[in-house]
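Fold and contact review
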Amino acid sequence: MKEGLLLLAVLGALACKVHADVGVNDDYFLNAPVSFECPLVLPTTDDLFAGNATDDAGDDYLGAKLAPDYPAFTFFYCWMTLFTALPLLYFAYNNRFSPVGEVKPFVPEVVHDRKTKDIDNANCHQTGLCTSFVGQFLYYSILLTLVGIQVLLLLLVMCYYFLLDRERLKENSPHLDLSWNPFEDGPQSLYAFIIAWAVCFSWVGFFKRPQSLQASFMRRCELREATHVAVFIPDSRGVELLVKDGVEWNVTHIFNLFHHSFDSTLAFLFSEPGHKEPGQTAYCPVERDINNVRYFEFRMRRYNFNAETGAFQPAEVYMKGTAADLLALKDGLTSAMVRDREAAIGANVVTMENPSLVRTLLKEFSRIFYVYQNFMAWSWFNYSYWHMGIVNTLVYITGGVTVSVVNWKNAKRLQQLCRVEGTVEVLRDGRFVTLDQAHLVPGDVINIQAGVAYCDMLVLTGEAVVDESSLTGESMPVAKVSVDPTNPHEFDPVHHHKHNMIYAGTIVINQDREMLREMFYGKPKKFQFDVEVSIVMLILLCYSIFSFSMTIYFLNSQPVYGFFFAIYVVASSLPPLLPTVFIVSEGISAERLLRKRVAVTDPHRILMAGKVRVAFFDKTGTLTEQGLDFHSVVVTTATAATAATATGTATVSDSTTTTTKVKFDEPTKVPTGAIARGMGVCHGLKQIIQEGQVTLLGNAIDRKMFEVTRFTLQSGYGTTADVVLDAATGQRWAILKQFDFDTKRKTQSVIVQSLAAADGGGSGSGEENNAVYIYTKGTGEALKTICLPETIPSNFDEAVSVSAKSGVYQISMGLRRVVVGDGETSMTLAQLLTCTRDEIETALTFVGFINFTNPMKAQTPTVIQQLKDGDIRTVMISGDHVLTALYIARLSGMVHAESRVYVGKHYDTASHTVHWVDEETGQPVTLPSWTQLQQLDNPVELAFIGHVWDELWRHDPPLATRLAHFVRIVGRCSPHTKITLVECFNQQGFMTMMCGDGGNDCGALKTAHVGIALSDAEASVVSSFTSLDKDIGSVVEVLKEGRCTLSSAFSSYKYMIMYGQIETINQMVCAWFAVTFSEWCWVFMDGFWVITMAFSLPYADVAATLAPNRPTSSILGARTLSSVLGVLLLNFLFIVLALGLLYLQPWYTCRQWGDSVSIADVTAIGDNYESSVVFLVSGYQYITSAIAFNFGFQHRAAWYQNWRFWGFVVTWTVIHFTVILYPSTLSCFFRVNCENDNVLRGATSEDLVPLQNPWHHTLMPLRFREILLVVVIMNGVAVVAWEYCVVNGPIAAWVQTLVPKENRLLGGRVASGRGRGDTAASAAVPTSDEEATAQEAARRLMARDLQLVRSATSGHYDRLDIDENENEEEADEGVAVVGEEVVEGGEAAADKV
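My aim in this report is to walk through the structure given alongside it, one point at a time. (Residues numbered from 1 in each chain as written. Predicted model: local features only at pLDDT ≥ 70, side-chain atom pairs only at ≥ 80, totals over all residues. Heavy atoms only, no water.)

**As for the side chain of serine 1178**
Along the chain, serine 1178 turns up in helix H38 (residues 1169-1190). Serine 1178 sits in the buried class, given a relative accessible area of 0%. Excluding anything up to four places from it in sequence, serine 1178 contacts Ile1062, Asn1066 and Ile1135. (Helix = DSSP H or I, 4+ residues; strand = E, 2+ residues; numbered from the N terminus. Buried < 20%, exposed > 50% of the residue type's maximum accessible area, 1.4 Å probe, protein only. Contact = heavy atoms within 4.5 Å.)

**Some points on the pattern of salt bridges**
Following the criterion strictly, the structure yields 28 salt bridges and no others. For the salt bridge of lysine 784 with aspartate 797, the shortest nitrogen-to-oxygen distance reads 2.7 Å. Separated by 13 residues along the polypeptide, lysine 784 in helix H24 (residues 780-786) and aspartate 797 in helix H25 (residues 796-805) bring together distant segments of the chain. Owing to a relative accessible area of 36%, lysine 784 belongs among the partly exposed residues under this scheme. Here aspartate 797 falls in the partly exposed class, since its relative accessible area comes to 45%. Note that glutamate 951 and arginine 954 form a salt bridge whose closest N and O atoms lie 2.9 Å from each other. In this pair, glutamate 951 and arginine 954 are both assigned in helix H31 (residues 946-955), three residues apart and thus about one turn of the helix distant. Accessibility expressed as a relative area gives 52% for arginine 954, which makes it exposed. Each of Arg592, Lys596, Glu1037, Lys1040, Glu1041 and Asp1101 takes part in a single network of salt bridges with overlapping partners. (Salt bridge = Lys/Arg side-chain N within 4 Å of Asp/Glu carboxyl O.)

**Observations concerning the state of the cysteines**
Scanning the model with the defined rule gives one disulfide in all. Sulfur-sulfur distance for the disulfide between cysteine 1228 and cysteine 1234 comes to 2.0 Å. Because the torsion about its S-S bond is 100°, the bridge between cysteine 1228 and cysteine 1234 counts as right-handed. According to the relative accessible area criterion, cysteine 1228 is buried, its value standing at 1%. By relative accessible area, which is 1% here, cysteine 1234 ends up buried. (Disulfide = S-S within 2.5 Å.)

**Remarks on the sheet that holds strand E27 (residues 731-742)**
In spatial order, the strands read E22-E21-E31-E30-E29-E28-E27-E26-E25; together these nine strands make up an open sheet with antiparallel pairing. Bordering the open sheet on either side are strand E22 (663-664) and strand E25 (712-714), each of which pairs with just one other strand. Pairing analysis gives three bridges linking E25 to strand E26 (residues 722-726), with the strands arranged antiparallel. Across the sheet, residue leucine 713 finds its bridge partner in E26, namely valine 724. Packing of helix H22 (residues 673-681) onto the sheet brings it into contact with strand E21 (629-637), E26, E27, strand E28 (747-755), strand E29 (772-778), strand E30 (808-818) and strand E31 (845-853), and relative to E31 it is tilted by some 65°. (Pairing = 2+ DSSP bridges. Axes fitted to C-alpha atoms, helices over the stretch in contact; angles between N-to-C directions.)

**Regarding a nonpolar patch on the surface**
A surface patch of nonpolar side chains, about 440 Å² in accessible area, is lined by Val147, Val151, Leu154, Leu155 and Met158. Residue position: leucine 154 is located in helix H4 (residues 133-164). With relative accessibility at 41%, the residue leucine 154 sits in the partly exposed group. (Patch = residues over 30% accessible without salt bridge, like charges linked within 9 Å, V, L, I, M, F, W, Y side chains within 5 Å. Areas by Shrake-Rupley, 256 points an atom, 1.4 Å probe, with all protein chains shown as cover.)

**Some remarks on the sheet that holds strand E10 (residues 311-314)**
An order of E7-E8-E9-E10 is seen for the four strands of this open sheet, with the pairing classed as antiparallel. The open sheet is flanked by strand E7 (287-288) and E10, the only strands paired with a single partner. By the bridge criterion, two bridges tie E7 to strand E8 (residues 294-298) in an arrangement that is antiparallel. Each residue of the ladder has a partner; that of arginine 288, found in E8, is arginine 294.

What follows is the structure, given as structure tokens:
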């Protein structure tokens, strides 16, 4: 910039040395001889104190001084000094010289909470605070000073304008007493304003240091006497940084060193207590409840004062013991017990401050950025620039109000999630009473009513049907049954007692409150620009200091005017709308997503969606359809001795052992015998009547399985058992006890008793009346371990493996008949019902398989392909068998057809190695070396069984982290396994996305940076995004919207930076020539143009597809810097070019003024050619820069589709080009290309102000106006070409090939334009017709793969022998056979699914 200014000086010197009388072609100038001598000379030091510069009234600017003995300013100096020193002395006394009270450890998380048990609470502290007279006096004095500063600046501004207009006031109001004004003239008033402004700005900025100004003036004390508690939480446990690249970390590290040094200095001055690491301090008021218990609340958790420890501790009444222990509480609580528990934990409410728009506004405008903008606005109100003061004030208030309203609406929406009102029937003192839900305490016995559940409850008796969609995302209602008293496990609402729990408010286990705590106070994730924005602010601050110094130097002949003009330059360098661009972009995007049926609970996550690198998917209900389709059952056959066992005649004591070979029978679609009875009774279904229709509630697989049997269910009530009826035979079975599905055991069991037939006869099937049976179903692996070995077919493992490979969802069934008696020779029925689950699920007879198919969703291949085209690695984490998941992965294109998949089957803790097998052959294999895995042509993908990954992650996290890059599938996942997989990539700095349908996916949905729940619950606390139509295509929409929003937000951010720098250059050029623009020019540049351009840029729509790269999230990245600096340089060069062309015109005359006019008279120095040319060229740069930044560049729709933006562009272009070409009333509005006959009233003047130059016009010849228009157009073309062709075009692509960026995701290395292992094969996105064809092929594929199942269960596990004719037929139908895998598309199977 310095070189450019020197170039301007040279051009000006050359032009001003020309002395001639010249006529020009334009008629207006034919007889207008002018002098080209320019009186503009840089002042010397002697001139600086010559005292010959005056204002409008003839006052001496340089000689004016403030009277040093003026009482008001003496008081001002003393007050500011006193209330700077006294607070610092108080802080030193309170925290350093005479601290009172011990700093105690603080426990922000309950250690026994399963969700937070591994969180380190070290370095968290609590300190007692109480009010004191001295502290309160100082605090209110500071507040009074803050208000007084605003009043003082207002009075000084009023004094200045009073002095400017005093002659008119004397003339119009001679009786008016004007002696109140303390200043002799305008310059003295301005000097006073400068001193007060600088002192007050520094003082306010200094006292913005404390996190809480009020708490800073509290006296430290013992916690037992505290009225407030200061809770310190270190940043290391509360913030997740999402920047892990080396270059960015180096820059951030340098900035952090600078920040730490500056912060340490301020911490020393404020005598802040030292901490081992940086963090945040929250100040919590201490309250007393009705039981006089002292407590405070922090992040939705109550902390009671413990007199023994002398500190505040988490309030809890933890429900411990087994189910039997909890059932002992069924008689309810006494009033005394209630009082004790209320004293311990308080009311059953989630305390959340009601969002107030006023408080939100105050919080936003108290930020240091708005403090800065406030003082910048005050500086504009002087020098007849009050109109610009109003404009700038309105601009930064608009920005602050916009951000505040968005934050307030978000807070209101989240508050709805925890607002609870209602009454409940509670058993107190032996009788049920109706109370407000807020009075519930842990241990209360409640009569459950229809409606909202007000707390987490354990069902003691009876049953309930619950809609948990807002909690888990699961759309289907679930049945909750009473707790089993024989369950030996400790109370565990997550695993062992999940089906007995009704989740809602808080208190018992704090489940719902924990979710809300995670939403409001969970680990904030700092995005890359969140880290870099402080560095950018520091750079702009340095630049503004440089600009301030240069402006002062240019205008050193008028130091007062120079100061104000330099402050204006500083104000422009840090635009007031800068903090709003990301908020506005997020809000626009959230509204667009809602129109696409995607609800957003955390708009900030939209930006994170733009950087997603790894996408995790659940299988069932996400990639595949929600429900399963029954296909067949496969039962075992054996000799008569064993057959009796298979039909259910074995007992606990006389189970038959035989060496007879057991084989699988042929698959059948009509279940009969023992397997049919097992399908009819082994479930957790409940029957209810809704709107006159009988409805079965429960697991979808259980419902489908039960419907196949054509049995009917008669739900019992209270102690009455559920009864299953086979209408065809009249047989009935009473379900005596149910063991819900256990995710660890992978089994579900029931105890049933055969009843007399409905017609009063026998059982109807050869079974004895009152015979008791145990039926157990679960995974093949689980059933094999609990069934008698002699009942297991020899090809059992092969059958399970082949079924899984073929995409068949398979359930294994076992049974055991139990002989009950009098308790002497055999156990009684009562004793059986008290047996543990381990005693029940043992010595079973294997019955057979139940096969289901789970068709893939039609749009799944399209979505997977689009993600791969977008360079996003896809990973499947499923609860199904790993080979079943692999089948869907191949079918959807997630795994390449030619890839080899190694499955981690076992982890050896002794040798810390994983045992791998080839999924195709089932034979052990050795994993390739690390170097081979990283090769581009490596065909190996990895898959894990869930428990193997858990062991690896627990014992060898570094190895797990390295192998995770090559993992494609993890089967048999528990919820915890899914969380650790997502967390593994999070810790490496990758943006992650999780898509699931609720239930077991909740943890992973919340752990991922972007969680997308396929649920119809609009107010879900599961994830930040909810697809209300349960459409997996919403994943692509969210990611496209994220990239569009991130790109648009950065475009707006770059535009705001560009606007500030263009204006800074304008002002510095004006300072060099001692000129300025007219009032309306400033209004349009700082108001209309910047607001309309900045706020319409984010309305760019999303691109049609995901681009193969992600938009930048680095403000300091090469792409962003090259964009901003390149456009800025081009704009500056065109300003230089325009001024050079102006100087070469024969009619040009330099700016002139007489001795009676000061350059500080801003109304007199604006009517000249220099300011006209600079405004016409640089003014349109506000528009062309926005045009350049509006281009989509892969992530946004075509530039012309942003109709709002182009509407403003066309409007401003027409106005601007008209002002350039045609002298008219419109051009006179800006005092450009104007003569006195057409002059208009200014923005602030009441009368017409003539053009104040010797030639009384600012007209330029038509030929030069045309040249100027060409310069303006060339400027626009240049910046557009730079942005389109260089920054985001072929030149940038060429530069990237020279310095390629390392792909840190090793499993996604790019080869031949595609990611290895991330190519489904063709980049083409299937059309709707192709999707239908793919679905038809998938159905054919499923039917063919069931031949493998039949072959396996028949003991013939060989390759399918397919003759040539069959191959040709299948190829014609779009299905080909590759080895043992069947894939779509014939020879094109490697190219498109």
